[in-house]
Amino acid sequence: MSTLSPEEIQSSLAEIRPRLLGFARLQLRSAAAAEDAVQDALLAAMEGAARFSGASSFQTWVFSILKNKIIDELRRSSRTQTDVDAEVALDEAVSDLFDERDHWSEMPAAWGDPQASLEQKRFWEVMDVCLTNLPASPARVFMMREFLGLETAEICKELTISTSNCWVLLHRARIGLRECLGLRWFGELAK
Amino acid sequence: MISCKHATELMSQGLDRQLSLGERLRLRLHLFICIGCRNTLKHFRFLREAIRKHPWQG
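Starting from 1, residues in each chain are numbered consecutively following that chain's sequence as written. Written order determines the labels here, with chains lettered from A and ligands numbered from 1. A pLDDT threshold of at least 70 governs which residues receive local features in this predicted model, and a stricter bar of 80 or more applies before side-chain atom pairs are shown or counted, although totals over entire chains, interfaces and linings include all residues.

Considering the overall build of chain B
Along the backbone of chain B there are 3 helices and 0 strands. Taken from N to C terminus, the helices and strands of chain B fall in the order α-α-α. Along the first, second and third principal axes, the C-alpha set of chain B runs to 40 × 25 × 15 Å. Here exposure depends only on C-beta density: within 10 Å of a residue's C-beta, 20 or more other C-beta atoms make it buried, 12 or fewer make it exposed, and intermediate numbers make it partly exposed, the C-beta atoms being placed from the backbone. Relative to its 58 residues, chain B shows a buried fraction of 28%. Going along the chain from the N terminus, every DSSP run of H or I of four or more residues is numbered as a helix, and every run of E of two or more is numbered as a strand.

Here it is, written out as structure tokens:
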């Protein structure tokens with residue numbers, strides 16, 4: 001079985017670069033940090049490319065390198081990048097959803113056929129706006145859990161936060177995203 | 001009976017860890033009578049599925 005030629009490696013990397021960048025930008029929330037992570041991943045990929053014979057397994061591998069670079073960067077940024085005001089605002093927004101007995105102030109409505117949304121380009125634009133609107137800490141934990149597929153124990157370790165804090169942040173992220181998609185896409189009425 | 005807020009916390013954690021038998025029973029009882037939380041559970045599950053199918057995913 002022959003391995004990938006230099007030309008094949010190059011065209012394969014050029015083909016997935018936009019997706020790598022989009023993926024990194026969404027999670028790192030910084031175009032510069034995303035460029036750096038993708039650059040690092042591409043360099044590492046070129047060094048190891050000789051082991052691959054197929055473009056698709058090569059691309060999967062490049063993606064996994066990028067995921068590790070993103071985890072490194074999220075760990076680094078978690079030490080400096082916090083957004084206390086936005087976190088307080090989200091806390092309050094979540095509290096406001098419930099009354100004094102912690103029951104819904106307004107019941108979340110059914111979303112009809114959400115599966116159909118997955119096929120629509122506009123849905124993903126709204127999803128990305130909602131993800132970007134989350135404060136940095138819940139967003140980081142949510143990204144690590146849902147995009148990067150880490151278990152909560154790993155996330156706690158990477159970010160040196162407690163397990164219960166991890167669950168609180170995931171809960172807020174999910175509630176925040178649910179509200180945002182409900183209002184901006186699924187047409188739940190604003191109160 | 002647990003509150004809606006607590007029910008949403010359990011539903012969220014149920015996506016990240018195995019809930020205890022007691023937690024599962026309390027949650028099930030709550031869901032049985034609360035349409036708002038039943039909808040929310042569907043929305044949480046949909047969120048996970050949507051992210052797995054995000055166009056940027058490798």
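Observations concerning the overall build of chain A
Across its full length, chain A carries 8 helices and 0 strands. Starting at the N terminus and ending at the C terminus, chain A contains elements arranged as α-α-α-α-α-α-α-α. C-alpha atoms of chain A, sized along the principal axes, occupy 65 × 40 × 25 Å. Per-residue burial over chain A gives 32% buried out of 191 residues. C-beta atoms are placed from the backbone for every residue, and two residues are taken to be in contact when these atoms lie within 7 Å. Looking at chain A alone, contacts between residues at least 24 apart form 70% of all its contacts between residues at least 6 apart.

Here we look at the interface of chain B and chain A
Chain B puts 26 residues into the contact, and the matching count from chain A is 31 residues. Of all the secondary-structure elements, those providing two or more residues to the side of chain B that touches chain A are helix H1 (4-13) and helix H3 (35-52) of chain B. At 11 residues, H3 of chain B tops the list of elements feeding residues into the side of chain B that touches chain A. For this scheme, ten residues count as nonpolar: Ala, Val, Leu, Ile, Met, Phe, Trp, Tyr, Cys and Pro. Four count as charged, namely Asp, Glu, Lys and Arg, and the remainder, Gly too, count as polar. Residues of the side of chain B that touches chain A, tallied by class, amount to 9 nonpolar, 11 polar and 6 charged.

Description of the nonpolar core
Residues and elements named next belong to chain A. By size, the foremost hydrophobic cluster in this structure holds 39 residues, and its most contacted members are Ala24, Ala37, Leu66, Val141 and Ala173. Looking at which element gives the most residues to this core, the answer is helix H8 (residues 163-184), with 7 residues. An automatic or database domain assignment supplies the residue ranges for each domain. Residue assignment places this core across two domains, with domain 1 (6-79) and domain 2 (82-184) each supplying three or more. When sequence neighbours within four positions are dropped, the list of residues in contact with Ala173 reads Leu134, Pro138, Ala139, Val141 and Phe142. In this usage, the nonpolar core is the set of buried Ala, Val, Leu, Ile, Met, Phe, Trp, Tyr and Cys residues whose C-beta atoms join them within 7 Å.

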